Amino acid sequence: MSVRALALIPILFIFVGVAFANRAYPIVLGMPFLFFYMVVCIVLTSVVMAVVYALDPANRREE
Amino acid sequence: MNAPLVIIALTIVIAFILALWSRANKRMDLEQWAVAGRGFGALFVFLLLAGEIYTTFTFLGGSGWAYGTGGPAAYILAYGAVAYVLSYFLLPPIWRYAKQRNLISQPDFFTAQFDSRLLGGLVAGVGVIALVPYLQSQMTGLGLIVQMASYGRISETWAIAIAMVVLALYVTLSGVHGTAWTAVLKDLTILAVVVVVGILLPARVGGLHAMFASIAHQRPGFLQLGAKGMGVPWFISTVALTGLGFYMWPHAFGAVYTAKSERVFRRNATFLPLYQLILLFVFFAGFAAILIVPGLKNSNLALLAAVQRVFPAWAVGVIGGAGVLTAMVPGSLMLMTAGTLVAENLYRPLRRSATSGEIQAVARVVVWLVAAITFLFSIHSNAAIVALLLMGYNFVTQFFPSVFLCLWRRTWVTLPGAICGILVGVLFVAYFALTDHSIVAGLNSGFIALAVNFAVTLVVSALTRSWEARRMARRSGASAAGFAYPSD
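A brief look at the structure comes next. (Residues numbered from 1 in each chain as written. Chains lettered and ligands numbered in written order. Predicted model: local features only at pLDDT ≥ 70, side-chain atom pairs only at ≥ 80, totals over all residues. Heavy atoms only, no water.)

What follows deals with unusual backbone geometry. Of note, the bond from Tyr 25 of chain A into Pro 26 of chain A is cis; its omega dihedral lies within 30 degrees of zero at -5°. Positioned with a positive phi, Asp 115 of chain B is a non-glycine residue whose angle comes to about 50°. Structurally, Asp 115 of chain B can be placed in the loop between helix 6 (106–114) and helix 7 (117–149). On the basis of relative accessible area, Asp 115 of chain B is assigned to the partly exposed category, the value being 32%. Its identity as a non-glycine residue notwithstanding, Ala 441 of chain B has a phi of 55°, on the positive side. (Helix = DSSP H or I, 4+ residues; strand = E, 2+ residues; numbered from the N terminus. Buried < 20%, exposed > 50% of the residue type's maximum accessible area, 1.4 Å probe, protein only.)

Rendered as structure tokens:
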């Protein structure tokens, strides 16, 4: 299984997780929960893609 | 003239001076005008792409949607993340293919893949159609800012007319060099403005927590999905549609070609998602407007009206000036793209003997023509800026099935399959638009068109596989024998 499959994690968080995160309360960090959840998804996307980038053999070749 | 109007007029003048200054000493053929002779460094390309993120759509549209629709605005946070994940896989093969074949525009990709100028022309035509609502959103925003700054003394029609002339004139004078320098100015001012407005407006109504608690109390359900038919299925289909369509815009697709290496895209996919977080401040401002200026008929005005209520006149001018730039940079890029698409991918194939001067003249005429058409659409429309952008997405995402199959399942798609898929998808979108169905069965209607498009592409391709094989054999045989059929 390629490390690229990790990219599915943020996709699942956004497309499946939203069904469970669709609520206004609790208000976290000043934001309604739905908006807070999207912020978590964005940060997660960035972290996961950084891991994929670091481990993907395609990025180790000389250019 | 009052202070805001003076500051906004000054902003426009500065943008024009930057455009003329960067044009001096530059030879102006079409390639210079559109892709700047490919002489841009990575920083400029990055700024141009970053400029895509901060448009009137985010500034006035995002805040207006938070104000008018509430929870569904969260889709704007999600789709960027989805698009960047996708970009990691999608952009490198597009870039490699374009580099091998020296492609310049989005239709070139289709022309080269299927050896068909007919398909290239179709893609160019659909691209221009999709750009019109996007452009309309920028023009509407620009018009609103002018109108606001005049404190209502300039009528809406005149304000939009001024916006149209400023945009078209700017493109005619500048080309992409002017856009890039203005983009630098724009990114700095808009970043500052968005953060300041996004902090000060909520502070005015008691801070973020108190603000959201009070909105949630006043309007139960407003801060989540579900209102106005925009439930979880709508969110999922809209994020899928816009995430897949993000790089299908003619200007975004073409910008991919300009990168120095394919690794750039993979690296960008790691940090560009964080750019989306700036949008939070825009939403905060829009939500604060609910408490500061309740009951506006036109939700596009939310941020401007709240700013006018809270800030002194000079600050209204600065914020308006930043808003003008966020409309001018992407707006001019889109106008320029439309002009180039028509001149290079529709006009040139029909008139092989055209000189480059003639092509350039056509591109410039098209810029004014598209600006005028957009103006006519803008004057009597009260459409939300976000709704306009979604309309454009409905059109451009129809390219996705063919692009996807070309890159990963090349044998599953044939020329007739690609043409039928795109045509059917676009017809569905047009039908939903004309009958005013943006949501069908709880789903974004553009997503339904996309699904039908995908199915049609696959079925027609399966049926025409042997025809396509004969056609390709004929073509390669013809070129191997040293002569070429007049193509399409």
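All right, on to the packing of aromatic side chains then. Residues and elements named next belong to chain B. One pass over the structure, following the stated rule, counts 28 aromatic pairs over all chains. Ring geometry for Phe 212 and Phe 284: centres 6.1 Å apart, planes at 70°, overall edge-to-face. Note that Phe 212 is positioned in helix 10 (residues 208–218) and Phe 284 in helix 14 (residues 279–292), a separation of 72 residues in sequence. Of the two residues, Phe 212 and Phe 284, neither departs from the other in class, the shared state being buried. Between the aromatic rings of Phe 400 and Phe 404, the centroid separation amounts to 5.9 Å while the plane-to-plane angle is 25°, which identifies the pairing as stacked. Note that Phe 400 and Phe 404 are positioned in helix 19 (residues 400–408) at a spacing of four residues, about one turn of the helix. Taking relative accessible area as the criterion, Phe 400 reaches 6% and is therefore assigned buried. Of the residues examined, Phe 404 reaches a relative accessible area of 29% and is grouped as partly exposed. Connected via pairs of aromatic rings, a cluster forms that spans Trp 65, Tyr 75, Tyr 79, Tyr 84, Tyr 134, Trp 234, Phe 246, Tyr 247, Trp 249 and Tyr 393. Its end group placed over the ring of Trp 412, Arg 409 keeps NZ or CZ at 5.5 Å from the ring centre. A cation over a ring is seen here: Arg 410 above Phe 114, with NZ or CZ 4.6 Å from the ring centre. (Phe/Tyr/Trp six-rings, centres within 6.5 Å; stacked < 30°, edge-to-face > 60°. Lys NZ or Arg CZ within 6 Å of the ring centre and 35° of its normal.)

So, about the packing of helix 4 (residues 56–68) of chain B against helix 18 (residues 385–396) of chain B. Between two packed helices, what matters for the description is the angle formed by their axes and the separation of those axes. All names here are of chain B. Viewed as axis vectors pointing N to C, helix 4 and helix 18 meet at an angle of 120°, and their least axial separation amounts to 8 Å. One way to sum up the angle between helix 4 and helix 18 is to call them oblique. Between helix 4 and helix 18, the residues in contact are Thr 56, Phe 57, Leu 60, Gly 61, Gly 62 and Trp 65 and Ile 385, Val 386, Ala 387, Leu 389 and Leu 390, respectively. Residues that form the contact of helix 4 with helix 18 fall into these classes: eight nonpolar, three polar and no charged. (Axes fitted to C-alpha atoms, helices over the stretch in contact; angles between N-to-C directions. Parallel < 35°, antiparallel > 145°, perpendicular 65-115°, else oblique. Contact = heavy atoms within 4.5 Å. Nonpolar A, V, L, I, M, F, W, Y, C, P; charged D, E, K, R; others polar.)

A rise of 1.5 Å per residue sets the reference length of helix 8 (residues 156–174) of chain B, with its 19 residues, at 27 Å; its end C-alpha atoms lie 27 Å apart and thus fit the reference within 8%. Those residues of helix 8 of chain B that fall on the buried side of the exposure criterion are Ala 159, Ile 160, Ala 161, Ala 163, Met 164, Val 166, Leu 167, Ala 168, Tyr 170, Val 171, Thr 172 and Ser 174 of chain B. (Expected span 1.5 Å × (residues − 1).)

Between chain A and chain B, the contact holds 35 residues from the first and 40 residues from the second. Both faces combined, the contact of chain A with chain B buries some 3200 Å², and carbon together with sulfur accounts for 74% of it. A per-residue breakdown of the area chain A buries against chain B is headed by Phe 15, Phe 35 and Ile 42 of chain A, which together make up 20% of the total. In this structure, the connection of chain A to chain B is made through four residue pairs in polar contact (both at pLDDT 80 or more). Contributing elements (two or more residues each) for the side of chain A that touches chain B: helix 1 (8–15), helix 2 (18–21) and helix 3 (33–55) of chain A. Residue contributions to the side of chain A that touches chain B peak at twelve residues, all from helix 3 of chain A. (Buried area = accessible area lost by both parts, 1.4 Å probe. Polar contact = N/O pair within 3.5 Å; in protein donor to acceptor, adjacent residues only side chain to side chain.)

Before going further, it helps to examine the nonpolar core. Grouped together as the largest cluster of nonpolar side chains are 172 residues, with contacts concentrated most on Tyr 75, Phe 109, Phe 235, Phe 287 and Met 328 of chain B. Sequence-distant contacts of Phe 287 of chain B, that is, excluding residues within four places in its chain, are made with Phe 35 of chain A together with Ala 66, Gly 70, Met 211, Phe 212, Ile 215, Phe 222 and Leu 223 of chain B. By size, the runner-up hydrophobic cluster in this structure holds eight residues, among which are Val 48 and Val 52 of chain A together with Val 85 and Tyr 88 of chain B. (Core = buried A, V, L, I, M, F, W, Y, C linked by side-chain atoms within 4.5 Å.)

Turning next to helix 14 of chain B. Structurally, the α-helix is built with 3.6 residues per turn, so residues lying three or four positions apart point the same way. The end-to-end C-alpha distance of helix 14 of chain B is 20 Å, a good match for the 20 Å that 14 residues give at a rise of 1.5 Å each. Within helix 14 of chain B the residues assigned to the buried category are Leu 279, Leu 280, Val 282, Phe 283, Phe 284, Ala 285, Gly 286, Phe 287, Ala 288, Ala 289, Ile 290 and Ile 292 of chain B.

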